[in-house]
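Topology and contacts: notes
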Amino acid sequence: MPVPTDRITVTIHAADPLSRAGVVSHLQHEPAVEIVPRLRERDGPVPGPRVAVILIDRVDERSAAELRGVLRGGAQHVVLVARELREQELLAVVEYGVRAIVWRHQATEERLVQAVRQAADGECVLPPDLIGRVLGQMNRLRRSETAAACSGTAAGPLFGMAPRETDVLRLIADGLDTRQVSEKLAYSERTVKNILHGLMTRLRLNNRAHAVAYALREGYI
């Protein structure tokens, strides 16, 4: 049966079936919400706003991959229900596109429904205790980015790849060497090497070929 256009299409992502069942029980009686299986591009457009509720304990390799997969393309707003987030992880998930964060111990039926509604409306919602932490992190990040940019060693995002990383890998995939990449992008050769080193270290990639293969597989190039 088609989902009415005035309803919010919600997908739920949780490694633990019991946790998923808990979220379903909180949302299934809300008239504005339609819970559906995970959406795929080949399923075609879905009427109404789309929200993904993702449950994690903390950000690790598995949950980071889940976030990348859901957030890629920007078709769904994300409500992240987390047990804990470290400072770096907190800012990264907000910058990457997570619309709302709810602590697991505060994830009541009322709170989850409210977060889903707000995310569907395009609002960014954080627990009160996180707002100060995010602002502090943003100020520190601005200072560190200014210093890193001057040295040509600016760090990439916690999840996925920064635009200049994909630019470099796209040219490497076309067969260009470091010198040619630097000429194409108007970077110094040292900057190109720093970008690649930072990317491979952050994502635990073995070499340039591995980095290109990863970027192709994940849809960045």
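Described below are features of the structure shown in this document. (Residues numbered from 1 in each chain as written. Predicted model: local features only at pLDDT ≥ 70, side-chain atom pairs only at ≥ 80, totals over all residues. Heavy atoms only, no water.)

**Side note on the nonpolar core**
Rules: To qualify as a nonpolar core, a set must consist of buried Ala, Val, Leu, Ile, Met, Phe, Trp, Tyr and Cys residues joined through side-chain atoms within 4.5 Å. Remark: exposure states derive from per-residue accessible area (1.4 Å probe, protein chains only) relative to the maximum for the residue type, with buried under 20%, exposed over 50%, and partly exposed in between. Helix numbering and strand numbering both begin at the N terminus, where a helix is a DSSP run of H or I of at least 4 residues and a strand a DSSP run of E of at least 2. Contacts were defined at the residue level, with two residues in contact if any of their heavy atoms lie within 4.5 Å.
Judged by nonpolar contacts, the single largest core of 23 residues is most densely connected at Val10, Leu27, Val51, Val53, Val79, Val81 and Val116. In terms of residues, this core owes the most to one element, helix α4 (residues 109-120), which gives six residues. The residues contacting Val10, other than those within four sequence positions of it, are Leu27, Val33, Glu34, Ile35, Val36, Val51, Val53 and Val116.

**Considering the pairing of strand β4 (residues 77-82)**
Rules: In this scheme, strands are said to pair when DSSP sees at least two bridges between them.
Counting buried positions along β4 yields five of six residues, so the element is predominantly enclosed. Taken together, the six bridges between strand β3 (residues 50-56) and β4 define a ladder with parallel strand orientation. Across the sheet, residue Ile54 finds its bridge partner in β4, namely Leu80. Of the pairings in the sheet, the one linking β4 to strand β5 (residues 98-103) comprises five bridges and is parallel in character.

**Thoughts on the pattern of salt bridges**
Rules: Whenever Lys or Arg places a side-chain nitrogen within 4 Å of a carboxyl oxygen from Asp or Glu, that contact is recorded as a salt bridge.
The final tally for this structure, using the stated rule, is five salt bridges. For Arg83, the salt bridge identified is with Asp57, shortest N-O distance 2.9 Å. Within this pair, whereas Arg83 is found in the loop between β4 and α3 (87-96), its partner Asp57 is found in the loop between β3 and α2 (61-71), the two being separated by 26 residues in sequence. When its relative accessible area of 42% is taken as the criterion, Asp57 is described as partly exposed. Among the ionic pairs, Arg170 bridges to Asp167, the shortest N-O distance being 3.5 Å. Of this pair, Arg170 and Asp167 both sit in helix α6 (residues 163-173), three residues apart, which is roughly one turn of the helix. Judged by relative accessible area, Asp167 falls into the partly exposed class, the value being 29%.

Any functional reading would require information that these geometric values do not contain.
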